[in-house]
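Structural overview
Below are the chains, spelled out letter by letter.
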Amino acid sequence: MLTIDQATYDAIVAHAKRDHPVEACGIVAGPEGSDRPERFIEMVNAAGSPTFYEYDSTDLLHLYKEMDERDEEPVVIYHSHTATEAYPSVTDVNLASEPGAHYVLVSTREHGNNEGPVEFRSYSIVDGVVTEEEVAVVPTLTRSES
Amino acid sequence: MAIEVRIPTILRSYTGGEKAVTADGASLSALIDSLDADHPGIKERLIENGDLRRFVNIYVNDEDVRFLGGLEAELSDGDQIVVLPAVAGGAHPTTFFASPAALLRRTTPRGPRKDR
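Residues numbered from 1 in each chain as written. Chains lettered and ligands numbered in written order. Predicted model: local features only at pLDDT ≥ 70, side-chain atom pairs only at ≥ 80, totals over all residues. Heavy atoms only, no water.

This brings us to the packing of aromatic side chains. According to the stated counting rule, one finds five aromatic pairs over all chains in the structure shown. Ring plane angle 35 degrees and centroid distance 4.2 Å describe the contact between A:Y9 and A:F120, whose orientation is recorded as tilted. Residue A:Y9 is located in helix α1 (residues 6-19), and its partner A:F120 is located in strand β7 (residues 119-126); the two are separated by 111 residues in the primary sequence. Pair check on accessibility: A:Y9 and A:F120 agree, each one buried. Ring centres of A:F40 and A:Y78 lie 5.9 Å apart, and the angle between their planes is 10 degrees; this geometry places the pair in the stacked category. Placement of A:F40 in strand β3 (residues 39-43) and of A:Y78 in strand β5 (residues 72-81) is noted, with a sequence separation of 38 residues between them. What makes A:Y78 buried here is its relative accessible area of 1%. If you follow B:R54 out to its NZ or CZ, it ends over the ring of B:F55, 4.2 Å from the centre. (Phe/Tyr/Trp six-rings, centres within 6.5 Å; stacked < 30°, edge-to-face > 60°. Helix = DSSP H or I, 4+ residues; strand = E, 2+ residues; numbered from the N terminus. Buried < 20%, exposed > 50% of the residue type's maximum accessible area, 1.4 Å probe, protein only. Lys NZ or Arg CZ within 6 Å of the ring centre and 35° of its normal.)

To continue, consider the sheet that holds strand β7 (residues 80-85) of chain B. All names here are of chain B. What the five strands build is an open sheet, ordered β2-β1-β7-β5-β6; its pairing is mixed. In this open sheet, the two edge strands, each paired with only one partner strand, are β2 (20-23) and β6 (63-64). Sheet analysis places strand β5 (residues 56-60) next to β7, joined by five bridges and oriented antiparallel. Looking at β7, one finds that Y59 is bridged to V82. (Pairing = 2+ DSSP bridges.)

What follows deals with the pattern of salt bridges. On inspection of all chains with the given rule, the structure shows 17 salt bridges over all chains. When the shortest N-O distance is used, the salt bridge between B:R54 and A:E54 registers 2.8 Å. Taken together, the residues span two chains, with B:R54 in the loop between β4 (51-52) and β5 and A:E54 in strand β4 (residues 53-54). Across the pair, A:E54 and B:R54 agree in class, each one buried. Here B:R53 ties to B:E44 by a salt bridge, and the two come within 3.5 Å at their closest N and O atoms. On the basis of relative accessibility, which here comes to 2%, the residue B:R53 falls in the buried class. Connected via shared salt-bridge partners are A:E85, A:R109, A:E119, A:R121 and A:E132. (Salt bridge = Lys/Arg side-chain N within 4 Å of Asp/Glu carboxyl O.)

To continue, consider helix α2 (residues 57-69) of chain A. Between its terminal C-alpha atoms α2(A) stretches 18 Å, which fits the 18 Å expected from 13 residues at 1.5 Å a residue. Among all positions of α2(A), only A:S57, A:L60, A:L61, A:L63, A:Y64 and A:M67 are buried. Projected onto a plane normal to the axis of α2(A), the buried residues spread over an arc of 165 degrees and lie on a single side. Seen from the open side of α2(A), the exposed residues pointing more than 90 degrees away from its buried face are A:T58, A:H62 and A:E69. Elements in contact with the buried residues of α2(A): β2 (25-31), β3 and β5 of chain A together with β5, β6 and β7 of chain B. Among the residues of α2(A), the N-terminal cap falls to A:D56, whose side-chain oxygen and the backbone nitrogen of A:T58 are separated by 3.0 Å. Once α2(A) ends, the next one or two residues include A:D71, with phi positive near 55 degrees. (Expected span 1.5 Å × (residues − 1). Arc of directions from axis to C-beta. Contact = heavy atoms within 4.5 Å. Polar contact = N/O pair within 3.5 Å; in protein donor to acceptor, adjacent residues only side chain to side chain.)

Turning our attention to the interface of chain B and chain A. When the parts come together, some accessible area is lost, and that loss is often what is quoted as the size of the interface. Of the residues lining the interface, 27 residues belong to chain B; the matching set on chain A comes to 28 residues. Across the chain B to chain A interface the summed buried area is about 2,500 Å²; carbon plus sulfur atoms make up 56%. When the area that chain B buries against chain A is broken down by residue, the three leading residues are B:V87, B:G89 and B:A91, summing to 25%. Summed over the shared surface of chain B and chain A, the result is four salt bridges. Measuring nitrogen to oxygen at the nearest pair gives 3.4 Å for the salt bridge that ties A:E32 to B:K19. Seen at the junction of chain B and chain A, the total is 14 residue pairs in polar contact (both at pLDDT 80 or more). Going through the elements one at a time, β5, β7 and β8 (88-89) of chain B are the ones with two or more residues in the side of chain B that touches chain A. The leading source of residues in the side of chain B that touches chain A is β7(B), at three residues. Of the residues assigned to the side of chain B that touches chain A, the class counts are 15 nonpolar, six polar and six charged. Looking at chain direction, β4(A) and β8(B) are connected through two bridges and run antiparallel. The residue bridging A:Y53 from the neighbouring strand is B:G89, located in β8(B). (Buried area = accessible area lost by both parts, 1.4 Å probe. Nonpolar A, V, L, I, M, F, W, Y, C, P; charged D, E, K, R; others polar.)

Keep in mind these values describe shape, not function.
Encoded structure:
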């Protein structure tokens with residue numbers, strides 16, 4: 001199950017709506033091993049495409065070095081589909097390289113840049129196997145014990 | 001000659017879970033051979049048909065190796081290598097991306113290369 005706070009959920013949806021019809025992409029980082037999506041990071045879709053996304057290679061290095069310095073890992077890896085459902089495509093599955101992450105897909109096919117609900121779904125993708133998981137949106141992430 | 005190589009999560013099964021290992025080689029190609037000698041199978045995840053896989057990024061001292069000559073890039077003692085799988089995907093349905101178990105396997109070049 002993915003547990004995500006309302007503000008981060010809203011930020012992902014806003015990014016997807018803003019970039020429509022281009023696919024939006026980004027990460028929510030969190031402390032290693034915590035499974036807590038705490039730090040929302042919008043990424044630029046270097047492909048600039050309505051059907052493909054890719055982080056710029058320099059941005060990617062910067063992001064991973066920064067997470068490493070902060071003892072973080074990618075907890076959520078999100079992107080949007082702008083004309084199809086919020087389900088991982090073959091491309092998504094083939095290129096998924098973070099087996100510990102929640103892959104969030106948002107579909108903006110219904111309302112595009114405008115107000116209105118979106119599909120927001122989350123999956124684990126491990127060795128080519130897609131497993132959908134429940135999404136719990138909470139007002140704020142509860143403090144961990146430590 | 002010792003060169004540190006940072007290994008991404010998805011390839012740590014080859015390095016016994018280690019985040020960084022050392023290898024040596026005067027070129028990236030030689031370094032990958034050295035890496036594979038110690039961690040058999042890892043080369044196959046980085047190279048396909050004699051070229052770097054399309055969706056694997058390798059950096060030498062923070063520079064994308066595709067801009068340094070790819071596999072021919074020259075290395076020196078103390079260089080730092082980082083391997084990162086691309087974060088990419090999208091709705092694109094074409095079989096272009098669709099080979100089975102194609103993780104990290106596309107080979108279409110991106111960016112300038114010495115040999116093209």
